[in-house]
Amino acid sequence: MATRRRQVVWSRSAREDLHKAIAFVAQDSPEAGLRLLDRILEAASSLATLSERGRNIGEFADRTIREVLPGPYRIIYRVTDSSVEILALVHQRRDDSSDDQLNRVREAYHASYASAL
């Protein structure tokens, strides 16, 4: 059986999250920033063929929303028939309240859903 391949697409807000995370780490160590970037991009790229490997997020009724955990970060994504849409990149120990994080993911999800219509 052939492996199903989906296109991995980063939402605008997830790209901003990635930029901020790498810039923050690179302030202290540019090399560590590059290693983190590689780790996150590798995890995201692997979702093209292993889209269902992430765990479901209990806070969402929609079972297509999943997460993988590269290091201290959560890549939160949505699986569709043809793509994996990365909705957010969130540090696991971030000081924001969990409600704020969930609202950010919900906003990205709704924006993604609206653009598919």
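Residues numbered from 1 in each chain as written. Predicted model: local features only at pLDDT ≥ 70, side-chain atom pairs only at ≥ 80, totals over all residues. Heavy atoms only, no water.

Moving on to helix H2 (residues 30–46). Here H2 spans 24 Å end to end across 17 residues, near enough to the 24 Å set by a 1.5 Å rise per residue. By the burial criterion, the buried members of H2 are Ala32, Gly33, Leu36, Ile40, Ala43, Ala44 and Ser46. Buried residues along H2 sit against strand S1 (7–10), helix H1 (12–28), strand S4 (73–79) and strand S5 (83–91). (Helix = DSSP H or I, 4+ residues; strand = E, 2+ residues; numbered from the N terminus. Expected span 1.5 Å × (residues − 1). Buried < 20%, exposed > 50% of the residue type's maximum accessible area, 1.4 Å probe, protein only. Contact = heavy atoms within 4.5 Å.)

Here Arg6 is to be found in the segment before S1. Residue Arg6 is classed as buried on the basis of its relative accessible area, which comes to 10%. Polar side-chain contacts of Arg6 include one of 2.8 Å to the backbone oxygen of Thr80. In this view, Arg6 contacts Ala48, Ser51, Glu52, Val79, Thr80, Asp81, Ser82, Ser83 and Val84; residues no more than four positions away in its chain are not counted. (Polar contact = N/O pair within 3.5 Å; in protein donor to acceptor, adjacent residues only side chain to side chain.)

This next bit is on the sheet that holds S1. Read across the open sheet, the five strands follow the order S1-S5-S4-S3-S2; overall the sheet is mixed. The strands lining the two open edges of the sheet, one partner per strand, are S1 and strand S2 (55–56). Relative to strand S3 (residues 65–68), S2 is paired through two bridges, and the arrangement is antiparallel. Among the inter-strand pairings, Arg55 is bridged to a residue of S3, identified as Glu67. Contacting S1, S4 and S5, H1 runs over the sheet at an angle of about 40 degrees to S5. (Pairing = 2+ DSSP bridges. Axes fitted to C-alpha atoms, helices over the stretch in contact; angles between N-to-C directions.)

Side chains Ile65 and Glu67 of S3 all project onto a buried face; the interleaved residues Arg66 and Val68 project onto the opposite face, where all are buried too. Sheet topology note: the S3/S4 ladder contains four bridges and is antiparallel. If you follow Ile65 over to S4, its bridge partner there is Arg78. Taking the residues that link successive antiparallel strands as the turn, the S3-S4 hairpin has four residues, and the phi of Gly71 there is positive, at about 65 degrees.

What follows deals with the nonpolar core. Membership of the largest hydrophobic core comes to 18 residues, with the highest contact counts inside it found for Trp10, Ile40, Ile75, Tyr77, Ile86 and Leu89. Residues within four places of Ile75 in sequence aside, it is in contact with Ile40, Ala43, Ala44, Arg66, Glu67, Val68, Pro70, Ile86, Ala88 and Leu89. Phe60, Leu87, Ala88 and Val105 belong to the second largest nonpolar core, which has eight residues in total. (Core = buried A, V, L, I, M, F, W, Y, C linked by side-chain atoms within 4.5 Å.)

A separate point is the environment of Leu69. In this fold, Leu69 is placed in the loop between S3 and S4. Relative accessible area serves as the criterion here: at 39%, Leu69 is assigned to the partly exposed category. Along the chain, Leu69 and Arg55 lie 14 residues apart, while their C-alpha atoms are 9.5 Å from each other. Ignoring anything within four residues of it in the chain, the contact list for Leu69 reads Arg55, Arg74 and Gln92.

Attention shifts here to the pattern of salt bridges. The final tally for this structure, using the stated rule, is six salt bridges. With its nearest N and O atoms 2.8 Å apart, the salt bridge here joins Glu85 to Arg78. For Arg78, a relative accessible area of 10% gives the class buried. What you see here is one network of salt bridges that share partners, running through Arg6, Glu52 and Arg66. (Salt bridge = Lys/Arg side-chain N within 4 Å of Asp/Glu carboxyl O.)

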